[in-house]
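Results of the structural survey
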Amino acid sequence: MNAVQTSARPALWAVLGDEGLRLFFPLSALHAALWPFLWVVVHGFQLPGASALPSGLWHAHEMIFGSYGAALIGFITTAIPEWSDTRRLRGRPLFALAGLWAAGRVAGFVGTDTLAVAGGVADLLWLFALPLYVAAVSWRKRTTRLAAMIGWLGALALTGAAVRLGVLTGDADLARAGLHLAALVFLGLLGLVLARIGVPVTNLVLDPSEETSPYRPHPGRRNLAPGLVALVIAGTLAGWSPAVTAYLTIAAGAAFLDRVAEGFVGREAARAEILALSGSSLLAGVGLLLVGAARLGAPFPETAALHLSLMGGLGLGVLAVFAIAGLFHTGRPLPLPRAARVAFALLVLAALARTLPDLGALPSPPGPPFALAAALWAASFLVWLTAYWPFLSTPRAPDGRGG
């Protein structure tokens, strides 16, 4: 009996190609674990290849379009079919996207201008493919519900194009401006995604039977955070003064903090699922508040505050999606496994170890600069990957939950 079951088991490539998250969430986790650790600890903030751009810009690009990029591809190719009740991408289209993403990462790991053209073309292909895919689904379903997602994905593609133009021309200022806008776009996407997934997850925690919907958010606040992030982007593009964009950034941070209140649902607020989603909004919001404060003259660097939003807020949001969706889409129910809770804690510690010394809240830890933060960050994604790889690399459980 076991021999028959083993021989009939699908090949690994077939299982991974069955749904976007099965392929791209592990790729994202591996890249997130390896790239910062190699850049900080192994290469000492330098790059193996020769580049006309500062290595810090390469690092930012690889985190935004590499680690978070793979997470985004996996999320979009999984969530959009579910939200629109359409057939999901499977097999060759997913592996084609993975090939394009991987080609860009080869150039990123080496950090050389020689591969910049090929890597840039590959990245732009998948960046523009995502909004086109969502637009095609929206057109077929004759719905406008995906319009906001199309807009944010289109904005990400345009910022990616600006960054690549800066890389190809050696214009560090253009690349830096494009990366800053791309980071804001990802925070806007975070606000949009948290608004979409927070409610069903909260209701599932409150009523696992799914017979009722005990939690309903205030409708006026659902899109407040991404809307205010969009205003920050508009003000930046319009050339508004640093003081104006600072106050807009503070407002966006406050909107993320407003979402934290949605986690106060009684004793279930202590559940890891709720804490992770609320913690993502909390760290993103506090980071944006501090970015605004830095622009208004606070005595700490803006980059440290932005790292709190991107490492802490966006990073925890990504890991929460990995953990929650990784269960639902492999036929497994809540609660989250212990490994997911450990991964959340490690990621938060990594974000704090990276940012608090620069913010003047803690002394710098012993050892090379940021080595502790890089190690904790890598450990968080590796812990998640070790626990979830058996789920993602095997066929869906037949009698469990799913989505």
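Preceding this paragraph is the structure being described.
Parameters and conventions
- Residues numbered from 1 in each chain as written.
- Predicted model: local features only at pLDDT ≥ 70, side-chain atom pairs only at ≥ 80, totals over all residues.
- Heavy atoms only, no water.
- Helix = DSSP H or I, 4+ residues; strand = E, 2+ residues; numbered from the N terminus.
- Expected span 1.5 Å × (residues − 1).
- Bend = angle between axes of the 7 residues up to and from the residue.
- Buried < 20%, exposed > 50% of the residue type's maximum accessible area, 1.4 Å probe, protein only.
- Polar contact = N/O pair within 3.5 Å; in protein donor to acceptor, adjacent residues only side chain to side chain.
- Axes fitted to C-alpha atoms, helices over the stretch in contact; angles between N-to-C directions.
- Parallel < 35°, antiparallel > 145°, perpendicular 65-115°, else oblique.
- Left-handed = near helix turned anticlockwise from the far one by under 90°.
- Contact = heavy atoms within 4.5 Å.
- Patch = residues over 30% accessible without salt bridge, like charges linked within 9 Å, V, L, I, M, F, W, Y side chains within 5 Å.
- Areas by Shrake-Rupley, 256 points an atom, 1.4 Å probe, with all protein chains shown as cover.
- Salt bridge = Lys/Arg side-chain N within 4 Å of Asp/Glu carboxyl O.

Focus: helix α8 (residues 172-206)
With 35 residues, α8 should cover 51 Å at 1.5 Å per step; its first-to-last C-alpha distance of 49 Å lies within 8% of that length. Roughly 30° is the biggest bend found in α8, and it falls at glycine 198, with proline proline 200 one to four residues downstream. Among the 35 residues of α8, 27 are classified as buried, and the element is accordingly described as predominantly covered. For α8, the N-terminal capping position is held by aspartate 171, with its side-chain oxygen 3.2 Å away from the main-chain nitrogen of aspartate 173.

Here's the deal with the environment of alanine 135
Inspection of the secondary structure puts alanine 135 in helix α6 (residues 116-141). A relative accessible area of 29% places alanine 135 in the partly exposed class. Taking the C-alpha atoms as reference points, alanine 135 and leucine 146, eleven residues apart in sequence, are found 7.7 Å from one another.

Some thoughts on the packing of helix α13 (residues 338-355) against helix α14 (residues 371-392)
Taken N-terminus to C-terminus, the directions of α13 and α14 make an angle of 165°; their axes are 8 Å apart at the nearest point. The angle between the axes of α13 and α14 places the two elements in the roughly antiparallel class. In this structure, the crossing between α13 and α14 has a hand that is left-handed. Touching Ala339, Ala340, Val342, Ala343, Leu346, Leu347, Leu349, Ala350, Ala353 and Arg354 of α13 are Leu372, Ala373, Leu376, Trp377, Ala379, Ser380, Phe381, Val383, Trp384, Ala387 and Tyr388, all from α14.

A look at a nonpolar patch on the surface
On the surface, a nonpolar cluster with roughly 360 Å² of combined accessible area is contributed by Val117, Val121, Leu125 and Leu168. Ranked by the residues each element gives to the nonpolar patch, the list is headed by α6, at three residues. What makes leucine 125 partly exposed here is its relative accessible area of 47%.

Some thoughts on helix α11 (residues 272-295)
Between its first and last C-alpha atoms α11 spans 34 Å; for 24 residues at 1.5 Å apiece the expected length is 34 Å, and the two agree. The element α11 is largely enclosed, with a buried count of 17 among its 24 residues. Positive phi shows up at glycine 297, right after α11, with a value of about 110°.

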